[in-house]
Amino acid sequence: MGQFDPQPWKDPPLAGGLVALLDDVAVLARAASASIDDIGAAAAKAGAKAAGVVVDDAAVTPQYVRSLAAERELPIIKRIAVGSLRNKFFIILPAVLLLSQFVPWLLTPILMLGGAYLCYEGAEKVWAKIAHHGASGAGEEEVQDETTLVSGAVRTDLILSAEIMVISLNEVIDEAFGSRLAILAVVAVFITVLVYGVVALIVKMDDAGLRLSQRSGAVATFGRGLVRAMPVVLTVLTVVGTAAMLWVGGHILLLGTNELNLNFLYEAVHDVEVAAHDATGVLGGLVGWLVNTVASAILGLIVGALVVLVMTLALHRRKSKAAAATAAATTRADGTIPAPPSRAARRRDAPADRAPRG
């Protein structure tokens with residue numbers, strides 16, 4: 001017979017308990033790792049959908065530091081990046097999470113309003129280029145102080161960041177609230193680092209080229225070429241940024257009208273896209289994407305031009321009212337408010353050769 005144990009309730013050996021604990025920790029670690037991998041994959045997918053707005057953001061931002069001294073470029077970009085993170089974490093992220101949780105049907109109209117704003121910005125840049133207003137805009141930019149410049153850049157970033165976050169949210173709308181929060185937080189940090197890292201590289205390329213040009217041989221030649229290329233690079237970025245505004249804004253409006261059951265525009269573009277895809281064989285995917293992109297940009301340009309027209313008419317009317325109010329105030333200050341002419345005065349001032357009635 002086995003020996004009787006007087007303490008059957010005593011604790012298990014320490015080594016066995018430690019091994020069991022380590023097994024539990026390993027299981028939890030694997031689960032956490034898988035969860036992090038899932039969040040990372042979802043964040044990458046969500047961020048990829050917002051690639052057009054990311055290109056737009058990276059193309060627009062260098063314009064804010066073109067008139068600054070070289071030593072102030074990186075500090076200003078840093079301030080704009082910090083403002084962008086504040087936009088995302090303290091304004092946009094709470095707003096989109098609350099909307100998606102309680103009134104998800106509002107996301108599409110809000111997204112379309114942002115798309116219309118992007119169309120307006122793009123069309124305004126096109127009109128300024130056509131009407132040769134670019135020089136006056138550059139002059140206004142030079143007199144701005146750094147605080148005003150950063151504020152303007154952060155306001156523009158607010159719109160673009162909102163577009164990025166809402167587009168990303170649409171890709172993970174079926175996830176649990178906690179997963180949505182984690183995924184969008186990863187997207188916010190990743191997009192901000194990517195955009196402003198690229199912007200910092202772009203604006204410092206000419207300085208790097210200048211330093212390389214002071215070397216000798218092929219390195220100096222490359223540096224001089226880099227310096228000469230920078231104006232072209234910035235011009236191309238301006239064009240790309242404008243095109244991206246129109247494309248992204250128009251595409252958001254196209255998808256939004258379809259989600260609101262106004263399907264005729266979306267279906268027309270989709271039919272042309274499918275026809276182009278089927279007619280071009282192995283290049284069908286690229287050609288179909290180009291057709292959709294061009295159609296979205298045309299829609300964006302049309303909508304943006306209409307908004308520019310409305311804004312211009314409203315601004316002209318406001319200026320006219322302000323000028324009339326200023327003239328009236330000046331007349332009162334001089335004390336010479338003319339009385340309305342009497343009938344006798346009107347008859348006296350009438351032309352002498354006017355034929356009498358009757």
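Reading the values: rules and limits
Residues numbered from 1 in each chain as written. Predicted model: local features only at pLDDT ≥ 70, side-chain atom pairs only at ≥ 80, totals over all residues. Heavy atoms only, no water. Helix = DSSP H or I, 4+ residues; strand = E, 2+ residues; numbered from the N terminus. Contact = heavy atoms within 4.5 Å. Areas by Shrake-Rupley, 256 points an atom, 1.4 Å probe, with all protein chains shown as cover. Expected span 1.5 Å × (residues − 1). Bend = angle between axes of the 7 residues up to and from the residue. Axes fitted to C-alpha atoms, helices over the stretch in contact; angles between N-to-C directions. Parallel < 35°, antiparallel > 145°, perpendicular 65-115°, else oblique. Left-handed = near helix turned anticlockwise from the far one by under 90°. Nonpolar A, V, L, I, M, F, W, Y, C, P; charged D, E, K, R; others polar. pLDDT = per-residue confidence, 0-100. Salt bridge = Lys/Arg side-chain N within 4 Å of Asp/Glu carboxyl O. Buried < 20%, exposed > 50% of the residue type's maximum accessible area, 1.4 Å probe, protein only. Polar contact = N/O pair within 3.5 Å; in protein donor to acceptor, adjacent residues only side chain to side chain. Phe/Tyr/Trp six-rings, centres within 6.5 Å; stacked < 30°, edge-to-face > 60°.

(A) Structural detail: the overall build of the protein chain. Within the protein chain, the secondary structure is distributed over twelve helices and zero strands. For the protein chain, the sequential pattern of α-helices and β-strands runs α-α-α-α-α-α-α-α-α-α-α-α. Once local pairs closer than 6 in sequence are excluded, the contacts in the protein chain between residues at least 24 apart make up 79%. Here the protein chain has roughly 22,400 Å² of accessible surface; of this, 67% comes from carbon and sulfur atoms.

(B) Summary view of helix H3 (residues 70-102). With 33 residues, H3 extends 47 Å from end C-alpha to end C-alpha; this agrees with the ideal 48 Å at 1.5 Å per step. At isoleucine 92, H3 shows its maximal kink, close to 40°; a proline, proline 94, follows between one and four residues later.

(C) Main features of the packing of helix H4 (residues 107-130) against helix H6 (residues 146-171). Between H4 and H6, the least distance of the axes is 10 Å, while the angle of their chain directions is 140°. It follows from the interaxial angle that H4 and H6 lie oblique. As H4 runs across H6, the sense of the crossing is left-handed. Across the interface between the two elements, Leu107, Leu111, Gly114, Gly115, Tyr117 and Leu118 from H4 touch Ile159, Leu160, Glu163, Val166, Ile167, Leu169 and Asn170 from H6. Of the residues assigned to the contact of H4 with H6, the class counts are nine nonpolar, three polar and one charged.

(D) Local environment of the confidence of the model for the protein chain. Scored by pLDDT, the protein chain comes out at a mean of 76, with 71% of its residues at no less than 70. Mean pLDDT in the protein chain bottoms out at helix H5 (residues 134-142), which sits at 44, and peaks at helix H10 (residues 264-279), which reaches 91. Segment residues 25-35 is flagged for pLDDT under 50; beyond a separation of four residues in sequence, or across chains, it makes zero contacts in the model. Long-range and interchain partners of residues 134-143, a stretch whose pLDDT sits below 50, account for five contacts in this model, where long-range means more than four residues apart.

(E) Inspection of the pattern of salt bridges at higher detail. All chains considered together, the criterion is met by two salt bridges. Here lysine 204 and glutamate 73 are joined by a salt bridge, their closest N and O atoms 3.5 Å apart. Residue lysine 204 is located in the loop between helix H7 (177-203) and helix H8 (205-213), and its partner glutamate 73 is located in helix H3; the two are separated by 131 residues in the primary sequence. Residue classification places glutamate 73 among the buried positions, given a relative accessible area of 8%. Of the charged contacts, one joins aspartate 207 and lysine 204 as a salt bridge, the two residues approaching to 2.5 Å between their closest N and O atoms. Judged by relative accessible area, aspartate 207 falls into the buried class, the value being 16%.

(F) Representation of the side chain of asparagine 292 within the structure. Here asparagine 292 lies in helix H11 (residues 284-334). At 3.2 Å, the side chain of asparagine 292 and the side chain of histidine 251 are in polar contact. Look past the residues within four positions of asparagine 292 in its chain and what remains in contact with it is His251, Val269 and Glu273.

(G) Here's a closer look at the packing of aromatic side chains. Per the stated rule, a full pass over the model turns up two aromatic pairs. Ring centres 6.3 Å apart and planes at 50° place the aromatic pair tyrosine 117 and tyrosine 120 in the tilted group. Here the residue tyrosine 117 and the residue tyrosine 120 both occupy positions in helix H4, the gap between them amounting to three residues, near one helical turn. Tyrosine 117 gets classed as partly exposed once you look at its relative accessible area, which sits at 29%. Relative accessible area serves as the criterion here: at 16%, tyrosine 120 is assigned to the buried category. Summarising the aromatic geometry, the rings of tryptophan 247 and tryptophan 289 are spaced 5.9 Å apart at their centres and angled 80° between planes, so their arrangement reads as edge-to-face. In this pair, tryptophan 247 sits in helix H9 (residues 218-259) while tryptophan 289 sits in helix H11, placing the two residues 42 residues apart along the sequence. For tryptophan 247, a relative accessible area of 23% translates into the label partly exposed.

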